[in-house]
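If you want the building blocks of each chain, they are given just below.
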Amino acid sequence: MKKTNKILLVVCALFALFVSNGFAQQKNNQITKFAVVDTSKIYSSFYKNSEKIRNYEKKKQQFQAEIAKRTEELRDLKSQKVAQEKAGNSAEAMRIQAEITKKTEYLTEYTNTKNIELEALLTQMQRDDDFYKKLYKTLGKVAAEGGYSMVLSLQESNAILWFSPSVDITNDVIKELGLKK
């Protein structure tokens, strides 16, 4: 009887192994292969040498230079105010304080306005239809060549908790678009 149990056990084990191997092969045929792509990195590569980006960067530098200039004026006024207070000239110190307040409000408004303007320019560039048409066509090509059935954007990272760098096809897409990293 022990021999029969052993034979039955071996047969069951072989059957289980055969069945599980068949299921594993069937599952392998059904596994969806995912890839991820960093569209902001592709976007940067695409626009790195574009006129739009150069104009954006130029405006950004101009705005920053103006902000730095106005900030320096405020520092000078604050120094003048301290000097007037030390000299006992409270009327002049109050006048300078009023000017500081006025210039601080202007600087805050200027900064907010220019940040909104820069953000609008950046958004407009990111919505460039030609770029995205080319990007999606290229994504499809790279994904098909790599055997991927789905490509996820890293910009929607709240849905991606972890990924292996081996599924990141960003550099392949940049290369296929003919861009430099």
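Right above here is the structure, for reference.
Scoring rules and cut-offs
Residues numbered from 1 in each chain as written. Predicted model: local features only at pLDDT ≥ 70, side-chain atom pairs only at ≥ 80, totals over all residues. Heavy atoms only, no water. Salt bridge = Lys/Arg side-chain N within 4 Å of Asp/Glu carboxyl O. Helix = DSSP H or I, 4+ residues; strand = E, 2+ residues; numbered from the N terminus. Buried < 20%, exposed > 50% of the residue type's maximum accessible area, 1.4 Å probe, protein only. 1 Å grid on protein atoms, 1.4 Å probe; cavity = no way out; pocket = protein on both sides within 12 Å on 5 of 7 lines; lining within 4 Å. Points joined across faces, edges and corners; volume = space filled by probe spheres on them. Nonpolar A, V, L, I, M, F, W, Y, C, P; charged D, E, K, R; others polar. Core = buried A, V, L, I, M, F, W, Y, C linked by side-chain atoms within 4.5 Å.

Inspection of every chain in the model, using the stated rule, returns 10 salt bridges. Of the charged contacts in the structure, one is a salt bridge between Glu99 and Lys103, with a shortest N-O distance of 3.8 Å. One end of the pair, Glu99, and the other, Lys103, are both in helix H4 (residues 90–126), 4 residues apart, so they sit about a helical turn from each other. Residue Glu117 is joined to Lys114 by a salt bridge in which the shortest nitrogen-to-oxygen separation is 3.4 Å. With Glu117 and Lys114 both in helix H4 and 3 residues apart, the pair spans about one turn of that helix. Overall, the relative accessible area of 27% leaves Glu117 in the partly exposed class. Through salt bridges with shared partners, a single ionic network connects Glu73, Glu92, Arg95, Glu99 and Lys103.

Our next topic: empty space enclosed by the protein. Counted according to the given criterion, the structure contains 1 cavity of 30 Å³ or more. Of the voids in this model, the largest cavity is the one considered here, and its volume is about 30 Å³. Surrounding the largest cavity, Arg70, Glu73, Leu74, Lys103 and Tyr106 form its lining. Counting only elements with at least two residues in the lining of the largest cavity, the list comes to helix H3 (51–86) and H4. Among the elements that make up the lining of the largest cavity, the one with the highest residue count is H3 (3 residues). Looking at side-chain class alone, the lining of the largest cavity contains 2 nonpolar, no polar and 3 charged residues.

What follows covers the nonpolar core. Ile42, Leu135, Ile169 and Val173 are the most contacted members of the largest nonpolar core, which totals 22 residues. Of the residues forming this core, the biggest block, 5 residues, is contributed by helix H5 (residues 129–146). Membership of the second largest hydrophobic core comes to 5 residues, among which are Leu74, Leu77, Ile96 and Leu107.

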